[in-house]
Amino acid sequence: LENKIEKVPSIARDALYITLVTSSLLCVLVVVLARPIALYCNAESLTMPFRVLGFLIIFRALSQVFAGIMGGFKMYKEQGINNIVSGLVFVIICVPFTYWGNLIGALIALSIYQILLSILNGRTVQKSIAGLNAASDNSSTMGLLVKFSIPVAGQEFTYFLVSWLSPILITRYASLGELGIYNACAQWFAICLYIPGLLRNVSLSYLSTANGKPTDQMTLVKRILVINLVSCTTVFFIVLLFSNTLAATSTQDL
């Protein structure tokens, strides 16, 4: 950004276009295959929830691409404010929507949260690049973005397949009880990686700023590794020490 600030509007526009196209294709795929997936899980009633999740993909993708652009501008404070506002709205509407609408109500509440987060992040990005439009370079960066994004896209697509297929396979070949245990383990896994996940976009932004300065990059990498190691190890030992209590509580809830 420091070397080619005039390219920012073009990069943001092309990134948004790629996100809209790919997320829309995934949405159509999920909506079309919703009924076969539900039948495969021996739960035809899940057809509509799967379709709602399909549309949710678009807004989730938009909020994430806007968050990535904000990370490039190091607008972590604004990003945090947007997350807090949308999160508070979700907390307020989640319980009543779930009470009155059951699973569909919960998904609608989640959709409202993602839509609101997309709008807030989008407005923040629009304000950020508004002053750059006058001197912007409008040449397309589509090919460069696609080439640069392939490794990350492959990683995210693999995670997407695993995170979606695992619950479906467990529901199909095991039971909802095993699915509950799997989800509980997934929550603890997410807790272990919470801080590294927060630092991911921050780290990429600062590493790009230190481009061309190998010493600064190496220092930053070492600090990131230390923080990740300490945060993951701390949570791991907490879970290890209280594993019996956690297992007993989970068994009692089931």
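All values derive from a computational prediction rather than experimental measurement.

Enquirer: Please give an account of helix 8 (residues 214-241) that cites residues and values.
Expert: For helix 8, which comprises 28 residues, the first-to-last C-alpha distance of 40 Å matches the rise-based estimate of 40 Å (1.5 Å per residue) to within 8%. For helix 8, the complete set of buried residues consists of Ile 224, Ser 231 and Val 235.

Enquirer: Would you mind going over the packing of helix 3 (residues 47-72) against helix 4 (residues 76-130) in detail, with residue names and values included?
Expert: Where helix 3 meets helix 4, the closest approach of the two axes is 9 Å, and the angle between their N-to-C directions is 15 degrees. By the angle between their directions, the pair helix 3 and helix 4 is classed as roughly parallel. With respect to the hand of their crossing, helix 3 and helix 4 are arranged in left-handed fashion. Among the residues making up the contact of helix 3 with helix 4, the classes are represented as 19 nonpolar, 10 polar and 2 charged.

Enquirer: Give a description of the nonpolar core that names residues and reports values.
Expert: Counting 14 residues, the largest nonpolar core has Phe 66 and Val 125 as the members making the most contacts within it. Listing elements by their share of this core, those giving two or more residues are helix 1 (8-32), helix 3 and helix 4. Take this core: its biggest share by element is 6 residues, from helix 3. With near-sequence residues (within four places) excluded, Val 125 lies in contact with Phe 66, Ile 69 and Met 70.

How each quantity is defined
- Residues numbered from 1 in each chain as written.
- Predicted model: local features only at pLDDT ≥ 70, side-chain atom pairs only at ≥ 80, totals over all residues.
- Heavy atoms only, no water.
- Helix = DSSP H or I, 4+ residues; strand = E, 2+ residues; numbered from the N terminus.
- Expected span 1.5 Å × (residues − 1).
- Buried < 20%, exposed > 50% of the residue type's maximum accessible area, 1.4 Å probe, protein only.
- Axes fitted to C-alpha atoms, helices over the stretch in contact; angles between N-to-C directions.
- Parallel < 35°, antiparallel > 145°, perpendicular 65-115°, else oblique.
- Left-handed = near helix turned anticlockwise from the far one by under 90°.
- Nonpolar A, V, L, I, M, F, W, Y, C, P; charged D, E, K, R; others polar.
- Core = buried A, V, L, I, M, F, W, Y, C linked by side-chain atoms within 4.5 Å.
- Contact = heavy atoms within 4.5 Å.

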